[in-house]
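As a plain string of letters, each chain reads:
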Amino acid sequence: MSVNGDTSMADGEHETEVMEPGDEEDILLGGTPKLVVLRGATTHAVSFQIEKEDHTLGNSLRYFINKNPDVEFCGYTIPHPSETKMNIRIQTWEDTGTTAFDALRKGLEDMIEACDVVSEKFTEARDEFEKSKA
Amino acid sequence: MAHNNYNGYAGDSMEVESTGPKVTVREVEPGRCDFVLQSCSLAFANSIRRVMLAEIPTIAIDLVDFEINTTVLPDEFLAHRLGLIPLNSVNVAKDLQYTRDCTNCDDHCDQCSVTLRLHVKCTSPENLHVFAKDLMIVDGRNDDIGRPVLKDAARNGPLIAKLRKGQELKLSCIAKKGIAKEHAKWAPSAAIGFEYDPNNKLKHTDYWYEVDAKDEWPVDQKNAEWESEETAADASFDPDVQPSAFFFDLESVGIIEPDDIVHQGVSVLQTKLAEVISGLGSSDHGLNGGVSPDPYEPAPADGYAYGARGGTTPYGATAYGSNGFGY
Ligand SMILES: [Zn+2]
């Protein structure tokens with residue numbers, strides 16, 4: 001439930017809940033959750049289904065997750081071309097404390113960080129280029 | 001989280017990313033930027049390419065209301081042409097709402113759309129050319145969003161139609177925010193050149209040839225030199241080598257500057273990642289000890305699915321994900 005603005009809303013009115021980008025647990029796309037766990041999951045082996053994603057996210061996320069030495073296997077698939085769903089399977093080594101959830105989170109965070117670096121480095125490179133031209 | 005000191009892409013010195021991604025800008029001209037991305041994976045470079053092509057929000061004409069059209073061109077034809085006209089999209093990502101998400105209106109408003117009008121009539125014996133510059137923004141916003149981009153010397157913009165004497169065209173357009181994944185008219189980039197391994201040292205491709213592949217296939221000299229051509233490459237072929245330099249040649253449509261396309265592309269990618277993190281919820285709830293529920297039983301009330309309580313939404317249960325498995 002959104003906590004934002006609930007108290008400030010006009011009383012008695014049926015306000016539609018406002019979804020804020022930062023609101024956790026509220027990412028629903030057309031009624032489907034952004035992420036669900038597919039059946040048959042254990043702590044160290046989970047198949048996730050991510051809504052509204054494709055190879056843009058899938059392939060590089062797979063790569064980032066695979067770089068984690070605690071990860072035994074990670075692969076992704078788009079089960080059907082006309083469904084906007086992307087499945088990602090993660091298995092971590094059972095003798096590590098890293099669960100598949102940890103590995104996914106780690107992969108996502110690493111990729112965000114890599115994005116930051118690229119954005120930063122691009123600005124630097126662009127400035128440098130302009131300086132060299134001036 | 002336990003990660004045995006693994007610290008991501010910048011960690012292992014054996015990895016390509018030992019120093020993190022590197023960028024070199026090689027050429028910049030209006031509407032174009034040529035740069036090299038290094039020390040990152042092909043997968044990641046490709047994600048950036050894909051996101052810059054198809055997922056950066058821009059504005060384009062989406063609905064056209066014809067009042068008068070006595071030209072030789074049918075309404076649909078003109079509507080399609082209007083959709084493709086480049087409209088200024090600087091700051092669309094943050095300053096314009098998606099109409100479908102707009103909380104301010106039931107249909108469309110200034111915060112989620114730009115209205116443009118066109119009214120032309122040919123009264124002279126000479127044909128009248130109707131250009132993008134003839135599209136008039138109906139006041140409402142106090143920024144440049146939705147203004148037709150006029151890049152030609154005469155500042156006309158693209159030609160929409162030609163009218164003979166007596167013909168008239170009167171219409172109004174609603175331009176909306178969207179992404180190129182939905183329709184190519186929302187693409188911010190005209191083309192993105194993307195290449196790695198210009199000398200094919202990694203043998204990711206096998207050139208067809210009649211006599212000699214080297215003579216018959218073009219090589220981007222600039223990229224080839226960057227990688228310092230090695231003639232003895234064949235002798236020392238290593239199947240484990242990963243590509244590490246990615247040559248981007250980014251060409252903008254003109255509605256967003258190329259460097260902005262790069263930054264916005266990266267930030268769109270980050271938003272996607274953040275959404276999944278948010279969908280993952282606070283780490284360790286949900287899968288209690290990895291016991292998977294019986295798929296033939298309804299989902300537990302507290303929701304096996306991450307992100308929200310099962311497949312329930314503010315509008316009720318949905319077919320997909322209602323049992324928490326996505327099926
Ligand atoms: Zn609106």
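Residues numbered from 1 in each chain as written. Chains lettered and ligands numbered in written order. Predicted model: local features only at pLDDT ≥ 70, side-chain atom pairs only at ≥ 80, totals over all residues. Heavy atoms only, no water.

**Here we look at the pairing of strand β4 (residues 45-51) of chain A**
When a strand is regular, its side chains alternate between the sheet's two faces. Residues and elements named next belong to chain A. Judged by how many residues are buried, β4 sits mostly within the fold: 7 of 7 residues are covered. Burial of the side chains of β4 extends over both faces: Ala45, Ser47, Gln49 and Glu51 are buried on one face and Val46, Phe48 and Ile50 on the other. The pairing of strand β3 (residues 35-37) with β4 spans 3 bridges and is classified as antiparallel. Bridged to Val36 within β4 is Gln49. (Buried < 20%, exposed > 50% of the residue type's maximum accessible area, 1.4 Å probe, protein only. Helix = DSSP H or I, 4+ residues; strand = E, 2+ residues; numbered from the N terminus. Pairing = 2+ DSSP bridges.)

**Remarks on helix α1 (residues 42-54) of chain B**
For α1(B), with 13 residues, the first-to-last C-alpha span of 18 Å sits near the 18 Å given by 1.5 Å per residue. In the core, the buried residues of α1(B) are packed alongside α1 (55-66) and α2 (100-133) of chain A together with β2 (32-38), β9 (189-196), β10 (245-252) and α6 (258-280) of chain B. (Expected span 1.5 Å × (residues − 1). Contact = heavy atoms within 4.5 Å.)

**Description of the environment of Ile174(B)**
All names here are of chain B. As for its placement among the helices and strands, Ile174 is situated in strand β8 (residues 168-178). For Ile174, a relative accessible area of 15% gives the class buried. For the pair Ile174 and Cys40, spaced 134 residues apart in sequence, the C-alpha separation works out to 41 Å. Excluding its chain neighbours within four sequence positions, the residues that come into contact with Ile174 are Ala60, Ile61, Asp62, Leu63, His108, Ser113 and Val114.

**Section: the coordination of the zinc ion**
Tetrahedral metal sites with four donors have an ideal angle of 109.5 degrees; octahedral sites with six donors have ideal angles of 90 or 180 degrees. Residues and elements named next belong to chain B. Protein coordination at the zinc ion comes from Cys102 (SG), Cys105 (SG), Cys109 (SG) and Cys112 (SG), with a distance range of 2.2 to 2.3 Å. For the zinc ion, the 4 donor atoms in the first shell make angles of 107 to 113 degrees at the metal, so the coordination geometry reads as tetrahedral. Along the chain, the residues donating to the zinc ion are arranged with the sequence spacing C-x2-C-x3-C-x2-C. On the accessibility criterion, Cys109 (14% relative accessible area) is buried. (Donors = N, O, S within 2.8 Å, 3.2 Å for Na, K, Ca; no water. Tetrahedral: all angles 85-135°; square planar, octahedral: opposite > 155°, others 65-115°.)

**Some thoughts on the sheet that holds strand β6 (residues 85-92) of chain A**
The strands making up a sheet associate through backbone hydrogen bonding, with each pair oriented either parallel or antiparallel. All names here are of chain A. Strand order across the open sheet formed by 4 strands is β3-β4-β6-β5, with antiparallel pairing between neighbours. The two strands at the open ends of the sheet, each matched to only one other strand, are β3 and β5 (71-77). Pairwise comparison of adjacent strand axes, ignoring direction, gives a mean angle of 20 degrees for this sheet. Direction of pairing for β4 relative to β6: antiparallel, over a ladder of 7 bridges. By the bridge assignment, Ser47 is partnered in β6 with Arg89. Sheet strands touched by α1: β5 and β6. Its angle to β5, the strand with the most contacts, is close to 175 degrees. (Axes fitted to C-alpha atoms, helices over the stretch in contact; angles between N-to-C directions.)

**Details of the environment of Arg141(B)**
Residues and elements named next belong to chain B. Relative to the assigned elements, Arg141 resides in the loop between β6 (136-137) and β7 (159-163). Spatially, the C-alpha atoms of Arg141 and Cys109 are 9.9 Å apart, while their sequence positions differ by 32 residues. Setting aside chain neighbours within four positions, we find Arg141 in contact with Asp95, Leu96, Asp110, Gln111, Ser113 and Val114. At a separation of 3.1 Å, a polar atom in the side chain of Arg141 contacts the main-chain carbonyl oxygen of Asp95. Here Asp110 takes part through its backbone oxygen, which lies 2.7 Å from a polar atom of the side chain of Arg141. (Polar contact = N/O pair within 3.5 Å; in protein donor to acceptor, adjacent residues only side chain to side chain.)

**Quick look at the packing of aromatic side chains**
Here the structure, examined in full by the defined rule, presents 10 aromatic pairs over all chains. Between Phe64(A) and Phe44(B), the ring centres sit 5.5 Å apart and the planes meet at 85 degrees, which makes this aromatic pair edge-to-face. Residue Phe64(A) is found in helix α1, and its partner Phe44(B) is found in helix α1; the two belong to separate chains. Members of the aromatic cluster, joined through ring pairs, are Phe122(A), Phe35(B), Phe194(B), Tyr196(B), Phe246(B) and Phe248(B). Sitting over the face of the ring of Tyr98(B), Lys177(B) holds its NZ or CZ atom 4.5 Å from the ring centroid. Over the ring of Trp186(B) we find Lys185(B); its NZ or CZ atom is 4.8 Å from the centre of that ring. (Phe/Tyr/Trp six-rings, centres within 6.5 Å; stacked < 30°, edge-to-face > 60°. Lys NZ or Arg CZ within 6 Å of the ring centre and 35° of its normal.)

**Topic: the domain arrangement of chain B**
Residue and element names in this part refer to chain B. By the assigned domains, chain B splits into domain 1 (9-55 + 189-257) and domain 2 (58-185). With centres defined by C-alpha atoms, the gap from domain 1 to domain 2 works out at 37 Å. Domain 1 puts 8 residues into the contact, and the matching count from domain 2 is 11 residues. Summed over both partners, the interface of domain 1 with domain 2 comes to about 720 Å²; 64% of that surface belongs to carbon and sulfur atoms. Its largest share of buried area at the contact with domain 2, domain 1 owes to Ala54, Glu55 and Ile255, together 62% of the area lost on that side. Applying the counting rule to domain 1 against domain 2 returns 1 salt bridge. (Domains from an automatic or database assignment. Buried area = accessible area lost by both parts, 1.4 Å probe. Salt bridge = Lys/Arg side-chain N within 4 Å of Asp/Glu carboxyl O.)

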